[in-house]
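The primary structure of each chain is shown beneath.
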Amino acid sequence: MRLVIRPNYDEVSRWTAWYIAERISERKEKPFVLGLPTGSSPLGTYKELIALHKQGAVSFAKVITFNMDEYAGLPENHPQSYHRFMWDNFFSHIDIEKSNVHILNGMAEDPLKECDIYEAAITASGGIDLFLGGVGPDGHIAFNEPGSSLVSRTRVKTLTADTRLANARFFGGDPAQVPGTALTVGVGTVMDAREVVIVVSGYNKARALKQAVEEGVNHMCTLSCLQMHRRAIIVCDDAATEELRVGTVRYFKEILPFSESRQL
Ligand code: GLP
């Protein structure tokens, strides 16, 4: 696992967007398959990618996307649905084909079938080239809450009280308004991606980052699964490193220039 430490959120976003744009642009023949998250963490990256697109530096015309998750029971046009989030904050501003966008349907009559179809669609696309993600304060990726199987696939998960509390800010501050379940890719689904890039910003993520980087692989912090991935990068800001050992931070800061040369 590589830790790329930047001074602040804007720099994290810039680095991540540049990295993804490069990956997409260097792909010449088959489409590039990109896994995407929602939440506040990737917003800056989306803004930077939109800017790079407008400058002509990257095209999404041959990009296929799969989003990580969606709340159960929210229609696509609900202001807090992840469908709405993605179109408002990213897809509407780039040259992506609508038919290349995949987001789990939170209103599916048979949610388990919807999850199986999603996994099959990922496989049919050739698998995910790069999965971008964020992390919850308790270390969860997508909606793989603490205790999730580290080999899990796309399925329905019950959200923890902590996650509903953390996401209440988008639902008028009331955790009871946050849906209790979600459809989410599994830890195994993320691990199958050829590359994983996680954005971590702010002190409220510092304990999750410490657990994921310095402690053992543990289903109570599903981000820690990245220790078993061949090609994983966590891009974080200084504030998020607050709980890491000084030596850990120094090591990754010293080797930063090499991350540009892809030596993970
Ligand atoms: C939700 C999402 C995760 C996201 C997390 C953190 O739980 N399902 O994918 O990483 O929120 O969100 P934020 O970036 O807003 O802190």
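Here goes a summary of the coordinates provided. From a predicted model like this one, the values you see are computed outputs, not experimental measurements. (Residues numbered from 1 in each chain as written. Predicted model: local features only at pLDDT ≥ 70, side-chain atom pairs only at ≥ 80, totals over all residues. Heavy atoms only, no water.)

### Re the packing of aromatic side chains
Argument step 1. Per the counting criterion, the structure on display carries 13 aromatic pairs.
Argument step 2. Centre to centre, the rings of W15 and W18 are 5.8 Å apart; their planes meet at 65°, and the pair counts as edge-to-face. Note that W15 and W18 are positioned in helix α1 (residues 9–26) at a spacing of 3 residues, about one turn of the helix.
Argument step 3. With a centroid separation of 5.1 Å and 10° between ring planes, the pair formed by W15 and Y19 is classed as stacked. Within this pair, W15 and its partner Y19 are both found in helix α1, separated by 4 residues, close to a single helical turn. Summarising the burial analysis for this pair, W15 and Y19 share the class buried.
Argument step 4. Grouping aromatic residues by their ring pairs yields a cluster made of Y46, F60, W87, F90 and F91. (Phe/Tyr/Trp six-rings, centres within 6.5 Å; stacked < 30°, edge-to-face > 60°. Helix = DSSP H or I, 4+ residues; strand = E, 2+ residues; numbered from the N terminus. Buried < 20%, exposed > 50% of the residue type's maximum accessible area, 1.4 Å probe, protein only.)

### Things to note about the packing of helix α2 (residues 43–54) against helix α3 (residues 82–89)
Argument step 1. Where α2 meets α3, the closest approach of the two axes is 10 Å, and the angle between their N-to-C directions is 40°. Every residue of α3 that contacts α2 at L43, Y46 and I50 is listed here: F85, M86 and N89.
Argument step 2. Broken down by class, the residue content of the contact of α2 with α3 amounts to 5 nonpolar, 1 polar and no charged. (Axes fitted to C-alpha atoms, helices over the stretch in contact; angles between N-to-C directions. Contact = heavy atoms within 4.5 Å. Nonpolar A, V, L, I, M, F, W, Y, C, P; charged D, E, K, R; others polar.)

### Some details on the sheet that holds strand β9 (residues 195–200)
Sheet strands pair by backbone hydrogen bonding; their relative direction is either parallel or antiparallel.
Argument step 1. Spatially, β1-β10-β9-β6-β2-β3-β5 is the arrangement adopted by the 7 strands of the open sheet, whose pairing is parallel. One side of each edge strand has no neighbouring strand; the edge strands of this open sheet are β1 (2–6) and β5 (101–102).
Argument step 2. Pairing geometry for strand β2 (residues 32–36) and strand β3 (residues 63–67), over 5 bridges, is parallel. By the bridge assignment for β3, L34 is matched with T65.
Argument step 3. The sheet strands contacting helix α7 (residues 206–214) are β1, β9 and β10 (232–237), and the helix crosses β10 at an angle near 150°. (Pairing = 2+ DSSP bridges.)

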